[in-house]
Each structure stands twice: as C-alpha cells, then as structure tokens.
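For reference, the chains in residue letters:
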Amino acid sequence: MSPSKPVLTLAPGGRRINLYDLHGQKNRLGEDLDRRMGAVLQHGQFILGPEVDELERRLASFAGVDHAIAVSSGRDALMIAMMAMGVGRGDAVFVPGFTFAATGGAVVSVGATPVFVDVDPVSFAMDPDDLDKAMTEVRNEGRLVPRVAMPVDLYGLPADYAALTAVAEKHGATILADAAQSFGGRSGNQRVGALAPITATSFYPTKPLGCYGDGGAILTSDPALAESIRAIRSHGRAGDGDEATVLGLTGRLDTLQAAVLLAKLDVFEAELKRRHEIAACYDAALGDLVTVPVIPDDQASAFALYTVRVRHRDKVRDLLDERGIGTGVFYRLALHQHPAFRAYATRALPHSVALAADVLSLPLHADLADDEVDRVIAAVRAAVPAAAE
Ligand SMILES: Cc1ncc(COP(=O)(O)O)c(C=O)c1O
C-alpha cells in the first residue's frame, strides 16, 4: 500500500469515535448537574462555598485520607504542595522523564531544580533504580539537596510507591505523588491519595474525574501540611483573617466546579468499572498485535488513558483517523527534549525517549458503547498491519 493511498475508510454512516466524549456524560448527568450548579447560582458563594467543603469531605473519604484541599488546577496542586513543604532554591526535585510538562514546570516555578529520572518501560512510571542513581549523583555533586521525588501515575496506574519511598527515604527525601491522571486508581487496598504522604491530582475536564474548567486537589493525612496548604491557596491567609501569614496565591477551586464534581462523584465508581471493562476488551482483542498496558494483579488503574505501544505509530494513527477513530499521543517528547527543560537535561533517559516514539492512546471513557469498542478494535486490527506495509 502506498503511504498516500490508505485502504481504510470510514464505514458508511459510521459516527466518529473520539478519544474523549464529554457530551455523553453531560447528557447522562444533565439534571443533577443543572440542579447543583443552579444551587450555587442561587446562594452566590462562588468562592469557598458549601459545595467546596462537601467535595473536600467526600474526596478525603473516597481516598482514605484525613484531608483533601480543593485547588485551582493540577499544576497549582503540585506547586502549592511544594510551597507547603518548604521546597525551593537549592532543592532537587526528581521527576520522571516521561510525563506532562506541568510536572517539571511546577518544580521550576517554586525555584527548585528538576532532575529527570528515567521510567520503567513496562509500567511507564519512575524507575526506582534510576531514582537511586540520580539521588546518589546529586548528593555526590553536592550542589543541590535531594528533597522530593515526584512520581507520576502515568495513564492512571499508580507508580511503585513502596520501592520509590524506600529509595527516597534512604537519601533523606520525601514523596510527592503527581496523581493528576490516577485519582480512582489503587495499589493493594490503598487508593490513590493514600499511597504517599502528599498527593496532587487534577480535575481537568478529560481526567477520569473532571470538572468543567480547571481544578485539582491535594490529599494528605498530615494536619500541619493541610493547614499550610489551605493558607497558601488563599493568598497566604490563615482562617478568616486578613493577615498573610505565608506567601500564597489565588489557588482555590471555585464553587461551581465543586458542584460539577459532586455530581460526577456520585457516578465515579460506576464509571471506573466501565473503564475497566473496556480496557479488558482491548487487552483481550489487541494483546497479540500491540503492546497493551500491564496492570499488576494487586493494582487498579484509573485508566485516564488506554495507551498501547505500536510500531509505525504515526501511520497507524493516520489510518485510524481516516476510519473515524480519534487517538492521542501522550507524549511526543520526553520532558528533557522540550525547549523549556533543555537546561535541565543532564541525564540519559533512554526509556523515556523510546516511549515518546511509540505510545498511542485509544478511545476509552465511560460512555463508549460496546459496538464502538468493537469498531475501535476492528480498526486497530486493520490499521496496524496496513501501517507496516
Ligand atoms: C501528569 C500530569 N501532571 C500535572 C498535570 C497538570 O494538571 P492541570 O492541567 O490540572 O494543571 C497534568 C494534566 O494533564 C498531568 O497529566
């Protein structure tokens, strides 16, 4: 087949299947969303209204931690967490080489230095052995203090927190989890939020639990950290006082977004279950053709994304697009390859670079119907061999 003449075409009358579909969920939850948002418009407490308190209680209880603090975005959650931990100039924060730019950006924003650690090629999360190497290198060089390891639960699967914590503690550092993609995931009998002393998540609209704008949360069972985070997200003011006790920012989740999230939390478990069902269908139907996600028996992914590794990725993607199947590439570059982070590209990250060349995310969301799952599978089964020709 010539590259300019793909054999795959959109089935007649076939509706396009997008990577995400927020409309299906909005139609399903419409009345509840309207009621909850209407209540906010009525009472008018748009900042730190009662829905924010209710959401925080429910998030903490869902995750099994003492405190959830709702904030303005996932990136702000990371920044505010580091500010509360006193991370800044002279500190090394270890981040995976394969993640969204916000992970590294938050570190630079608090004045600390990101040190990139390679990822495990199977779990896609920070490799504990390379973390050990990187922390040893930093300590030997003596210019920076290893303060924080910030694993990312890529695509929704929790990182290996037991192994990463052991390494971090050996070097006197602590863990801040970037769980932007994994709220709803689990390791053993602990949910994301309870796997690290402090966890940041995102409610960006396309996340498994997403609002209709920007939003995020920080989860912890440390009361002093929680109090500090509450002050920092609100201009550094403690409680109702006017006095800025610490440096803060405008980092609150607004009440309308909290109302949206409350409606979505009611159906979150059921939606996660549907995500798992679809992932199992893809695993069974595509496992012989592409590298499907490996989820250890004692873990559950939140499946923010269902990501396979495939040769000729960009060609496969074009062929799927022609057949009406939307896909995504997260990410086309390893973190140190972005112009904004080249100054911190001090270490070799072969697995991060390799992943950037072959990852492809397929449609997966709770409103994907069985016949749509079948169409995605059929299209992938046709596109992969066609792309290799
Ligand atoms: C791994 C990771 N970290 C941080 C963020 C930042 O979250 P937000 O977009 O809510 O700022 C994202 C968002 O996509 C992410 O995927």
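Residues numbered from 1 in each chain as written. Predicted model: local features only at pLDDT ≥ 70, side-chain atom pairs only at ≥ 80, totals over all residues. Heavy atoms only, no water.

## Some details on the pattern of salt bridges
Move 1: Per the stated rule, a full pass over the model turns up 23 salt bridges.
Move 2: With its nearest N and O atoms 2.5 Å apart, the salt bridge here joins Arg35 to Asp32. Linking Arg35 with Asp32, this pair stays in helix H1 (residues 22–43), spanning three residues, or about one helical turn.
Move 3: Two residues, Arg309 and Asp358, come together in a salt bridge whose shortest N-O distance is 2.9 Å. You can see Arg309 sitting in strand S11 (residues 306–309) and its partner Asp358 sitting in helix H11 (residues 350–358), a full 49 residues away along the chain. Of the two residues, Arg309 and Asp358, neither departs from the other in class, the shared state being buried. (Salt bridge = Lys/Arg side-chain N within 4 Å of Asp/Glu carboxyl O. Helix = DSSP H or I, 4+ residues; strand = E, 2+ residues; numbered from the N terminus. Buried < 20%, exposed > 50% of the residue type's maximum accessible area, 1.4 Å probe, protein only.)

## Quick look at a nonpolar patch on the surface
Move 1: A grouping of Leu41, Phe46, Ile47 and Leu48 is seen on the molecular surface, where their side chains present a nonpolar patch of about 370 Å² in accessible area.
Move 2: Looking at where Phe46 falls in the secondary structure, it is placed in the loop between H1 and helix H2 (50–63). (Patch = residues over 30% accessible without salt bridge, like charges linked within 9 Å, V, L, I, M, F, W, Y side chains within 5 Å. Areas by Shrake-Rupley, 256 points an atom, 1.4 Å probe, with all protein chains shown as cover.)

## Comments concerning the site of the ligand
Move 1: In the neighbourhood of the ligand, 16 residues make up the surrounding shell, with Gly74, Arg75, Asp178, Ser202 and Lys207 lying closest.
Move 2: Interatomic distance of 2.7 Å between a side-chain N/O atom of Ser202 and an oxygen atom of the ligand.
Move 3: A distance of 2.6 Å separates an oxygen atom of the ligand from a polar atom in the side chain of Lys207.
Move 4: Summarising the interface, the protein chains cover 91% of the accessible area of the ligand, which totals 390 Å² for the free molecule.
Move 5: Residue assignment for the shell around the ligand shows that the elements contributing at least two residues are helix H3 (74–84) and helix H4 (101–109).
Move 6: Its residues assigned to classes, the shell around the ligand comprises six nonpolar, seven polar and three charged. (Near = heavy atom within 4 Å. Polar contact = N/O pair within 3.5 Å; in protein donor to acceptor, adjacent residues only side chain to side chain. Nonpolar A, V, L, I, M, F, W, Y, C, P; charged D, E, K, R; others polar.)

## What about the nonpolar core?
Move 1: One finds Met82, Val87, Val93, Met150, Leu176, Ile198 and Ile218 to be the most contacted residues of the largest nonpolar core, which totals 32 residues.
Move 2: Counting residues per element, the ones that place at least two in this core are strand S1 (67–71), H3, strand S2 (91–96), H4, strand S8 (198–202) and helix H7 (223–232).
Move 3: Top element by residues in this core is H3. It accounts for seven residues.
Move 4: If you count residues domain by domain, this core takes at least three from each of domain 1 (22–26 + 267–388) and domain 2 (30–266).
Move 5: Listed in part, the 29 residues of the second largest apolar core include Leu286, Phe303, Tyr306 and Ala386. (Core = buried A, V, L, I, M, F, W, Y, C linked by side-chain atoms within 4.5 Å. Domains from an automatic or database assignment.)

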